[in-house]
Amino acid sequence: MVTCATTAKHLAQIIILGAQVVGRAFTRALKQEFAASQAAAKRAGGGRAGAEKAATNIRLGMSIEEAKQILNLDKVDAEKLEKSYEHLFSVNDKSKGGSFYLQSKVVRAKERLDEEIKVAQATGKPKETSSQSSDQT
């Protein structure tokens, strides 16, 4: 026969074990998030330039890498950007059976890359920015 004290003991052990598992998972997730944010800061270039890029990413809701993936571009090139944008925008037109959500992602991606081209022109950098150089700056 199981007594009330034994049941309470087992219940307390289960609660403690569960708390330990959750605590370890939380600690691991926190370490991963810290490492990811450090890596993102390093990719952004750190310092003032990195802070400006991070602010632009937040304001426009998308990183340069994500925008290039959406528009299927290797480099930020105004001509290829416009061609890819026009194609993807028309393919995803709701009246043609496309997705309004995808069409809006295409618009946001173009806005993000247009901003990058504008910044590159203002700072005197070349219009084309490869994915490797955008990771370093």
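Note that this is a predicted model, so its numbers are computed, not measured.

(A) Fine view of the overall build of the chain. When you go through the chain residue by residue, the secondary structure sums to six helices and two strands. Across the chain, helices and strands are ordered from the amino to the carboxyl terminus as α-α-α-β-α-α-β-α. A buried classification covers 22% of the 137 residues belonging to the chain. Nonlocal contacts in the chain, meaning residues at least 24 apart in sequence, comprise 64% of its contacts between residues at least 6 apart. Put simply, the chain shows about 9900 Å² of open surface, and 60% of that area lies on carbon and sulfur atoms.

(B) Molecular detail of the packing of helix α4 (residues 78–91) against helix α5 (residues 100–123). Packing of α4 against α5 leaves a shortest axis separation of 10 Å and a crossing angle of 170 degrees. Taken together, the axes of α4 and α5 are roughly antiparallel relative to one another. Seen from α4, the contacting residues are Ala78, Leu81, Glu82, Tyr85, Leu88 and Phe89; seen from α5, they are Gln103, Val106, Val107, Lys110, Leu113, Asp114 and Ile117. Considered class by class, the residues forming the contact of α4 with α5 number nine nonpolar, one polar and three charged.

(C) Geometry of the packing of aromatic side chains. Here the structure, examined in full by the defined rule, presents one aromatic pair. Where Tyr85 meets Phe89, the ring centres are 5.5 Å apart and the plane angle is 35 degrees; that geometry is what we call tilted. Placement of the pair is Tyr85 and Phe89 together in helix α4, with a separation of four residues, close to one helical turn. Taking NZ or CZ as reference, Lys110 lies 5.2 Å from the ring centre of Tyr85, over its face.

(D) Layout of the environment of Leu81. Of note, Leu81 is situated in helix α4. A residue is classified by how much of its surface remains accessible, and Leu81, at 2% relative accessible area, is buried. Taking C-alpha positions, Leu81 is 8.6 Å from Asp114, a pair spaced 33 residues apart along the chain. In this view, Leu81 contacts Leu71, Leu73, Lys110, Leu113, Asp114 and Ile117; residues no more than four positions away in its chain are not counted.

What counts and how
- Residues numbered from 1 in each chain as written.
- Predicted model: local features only at pLDDT ≥ 70, side-chain atom pairs only at ≥ 80, totals over all residues.
- Heavy atoms only, no water.
- Helix = DSSP H or I, 4+ residues; strand = E, 2+ residues; numbered from the N terminus.
- Buried < 20%, exposed > 50% of the residue type's maximum accessible area, 1.4 Å probe, protein only.
- Contact = heavy atoms within 4.5 Å.
- Areas by Shrake-Rupley, 256 points an atom, 1.4 Å probe, with all protein chains shown as cover.
- Axes fitted to C-alpha atoms, helices over the stretch in contact; angles between N-to-C directions.
- Parallel < 35°, antiparallel > 145°, perpendicular 65-115°, else oblique.
- Nonpolar A, V, L, I, M, F, W, Y, C, P; charged D, E, K, R; others polar.
- Phe/Tyr/Trp six-rings, centres within 6.5 Å; stacked < 30°, edge-to-face > 60°.
- Lys NZ or Arg CZ within 6 Å of the ring centre and 35° of its normal.

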